[in-house]
Each structure stands twice: as C-alpha cells, then as structure tokens.
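# Fold and contact review
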Amino acid sequence: MPSVFPYVLKVHQWVYEHSGGLVGHRVLLGKPTLLLRTVGRKTGQQRTSALTYGRDGKDYLIAASNGGAPQPPGWLANLKAQPQCEIQIVRQRVRVAARPTYPGDPEYARRFAIMDEVLDGQYSTYQKQTTRLFAVVVLTPVN
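These notes cover the structure that comes with them. (Residues numbered from 1 in each chain as written. Predicted model: local features only at pLDDT ≥ 70, side-chain atom pairs only at ≥ 80, totals over all residues. Heavy atoms only, no water.)

### Examining a nonpolar patch on the surface
Put simply, the rule is: A patch consists of residues whose relative accessible area exceeds 30% and which take part in no salt bridge; residues with like charges are grouped when within 9 Å of each other, and nonpolar side chains (Val, Leu, Ile, Met, Phe, Trp, Tyr) when within 5 Å. Each accessible area value is a Shrake-Rupley result obtained with a 1.4 Å probe; residue values ignore everything except the protein chains displayed when judging cover. Think of a salt bridge as a Lys or Arg side-chain nitrogen and an Asp or Glu carboxyl oxygen that are within 4 Å of each other. Strands here are runs of E lasting at least two residues and helices are runs of H or I lasting at least four, both read from the DSSP assignment and numbered beginning at the N terminus.
Together, Val4, Phe5, Tyr7, Val8 and Leu9 give the surface a local cluster of nonpolar side chains, amounting to about 470 Å² of exposed area. Relative to the elements of secondary structure, Val4 occurs in the segment before helix 1 (5-18).

Now the structure itself:
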C-alpha cells in the first residue's frame, strides 16, 4: 500500500498557500513550516515547496532530505541555479539568498544538528536511508 504521507504534505502546502499563511505554519506535528518560492531552472515558472525550517541567528535553515530518497529535491537544483528567492512564514514574505552547505563545511554538522532537533531526529533517520549526503541550505534575508 503506498504511503499517504506525500498526499498529506500536498494538502498541507495547499492549505498554507491558499489561506494566505493563516493556517499551515505549525500544522504537521507542530513543526515550523515555511513556504519556499523558487524559479524553475528549466521552466522559469515559480515553484513553491512547504518545508520544515530551523533558525540559526538571523538565517533560516532547510534540509534537502527529500524524505531520504536517493535523489535530492528539485528545489535544491533551482536554488543552485538562482539563489535569490523568497520564503513565507505565516503571512510574512522575506527575500533571501540561498547557500547550500555540505559535509566538509565547518558549520555543516552544527546546522544539521539544528535541523535534526527540529524534526526530532527524523533527518538522521532519512540520512541512513541513502548514501546521498543532504545539503543544509542557509537562507539569509536580503534587503
């Protein structure tokens, strides 16, 4: 039987977007969720993804886990192609510059730990499901 969780995520994102951010920030198990708005690297179309996030000072963090899948999420390639994007938290929209970090970056382990704590250890579980190393993306607000 296929997992129902991907459908739950799609409904959550739809509600978050269509309520203007009034509903959706902490719906899924109470975890903080933002809307990431990127530009498709191939299509040029706006793409939106609802993602769990953490905070690191003034920066926001997201993990490119894709639920432990062997391939990274499409939004990561979009951010690499166009790092200037927008996030929405509740009703606030913030322009940000995205910077993926990987193991080898001196701050990676600390950032991964922040994200893992936000999701109660789930990112560590996802990481064990694949040989692909997840990027932790730093989203820095820009003026």
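Still more to cover.
### Let's talk about the nonpolar core
If you look at soluble globular proteins, the nonpolar side chains tend to sit buried side by side. As a reminder of what qualifies: Nonpolar cores are built from buried Ala, Val, Leu, Ile, Met, Phe, Trp, Tyr and Cys residues. Side-chain atoms within 4.5 Å join them into one set. Each residue is placed in one exposure class: buried if its accessible area under a 1.4 Å probe, protein chains only, is under 20% of its type's maximum, exposed if it is over 50%, and partly exposed if it falls in between. Here, residues are in contact when the closest pair of their heavy atoms is within 4.5 Å.
In this structure, Leu34, Leu36, Ile62, Trp75, Ile87, Val137 and Leu139 are the most contacted members of the largest nonpolar core, which totals 19 residues. Of all elements in the fold, only strand 1 (33-39), strand 4 (59-63), helix 2 (74-81), strand 5 (84-89), strand 6 (92-101) and strand 7 (136-141) reach the threshold of two or more residues within this core. With sequence-adjacent residues up to four places away left out, Leu139 is seen in contact with Leu34, Asp59, Tyr60, Ile62, Ile87, Val96, Ala97 and Ala98. Core analysis: the second largest hydrophobic core is formed by eleven residues, Phe112, Leu119, Tyr126 and Phe134 among them.

### Quick word on the sheet that holds strand 1
For the record, the criterion: Here the rule is simple: two strands pair whenever DSSP picks up at least two bridges between them. For every element, the axis is a line fit to its C-alpha atoms; helices are fit only across the contacting stretch, and the angle between N-to-C directions ranges from 0 to 180 degrees.
Spatial ordering of the open sheet is given by 2-1-5-6-7-4-3, a layout of seven strands whose pairing is antiparallel. The open sheet has two free edges, formed respectively by strand 2 (46-52) and strand 3 (54-56), since each of these has just one partner strand. Within this sheet the neighbouring strands show an average axis-to-axis angle of 35 degrees, counted without direction. With four bridges joining them, strand 4 and strand 7 adopt antiparallel strand pairing. Across the sheet, residue Ile62 finds its bridge partner in strand 7, namely Val137. Here helix 2 sits on the sheet and contacts strand 1, strand 2, strand 4, strand 5, strand 6 and strand 7; the angle it forms with strand 1, its principal contact strand, is near 55 degrees. This element, helix 3 (residues 108-118), spans strand 2, strand 3, strand 4, strand 6 and strand 7 of the sheet and lies at about 145 degrees to strand 3.

### Points about the packing of aromatic side chains
Put simply, the rule reads: We call Phe, Tyr and Trp rings a pair once their centres come within 6.5 Å, taking the six-membered ring for Trp, and we label the pair stacked below 30 degrees between planes, edge-to-face above 60, and tilted otherwise. Here, over-ring charges are defined by two tests on the NZ atom of lysine or the CZ atom of arginine: distance to the ring centre within 6 Å, and angle to the ring normal within 35 degrees.
Taken as a whole and assessed by the stated rule, the structure comprises three aromatic pairs. The side chain of Arg55 reaches across the aromatic face of Tyr60, ending 3.9 Å from its centre.

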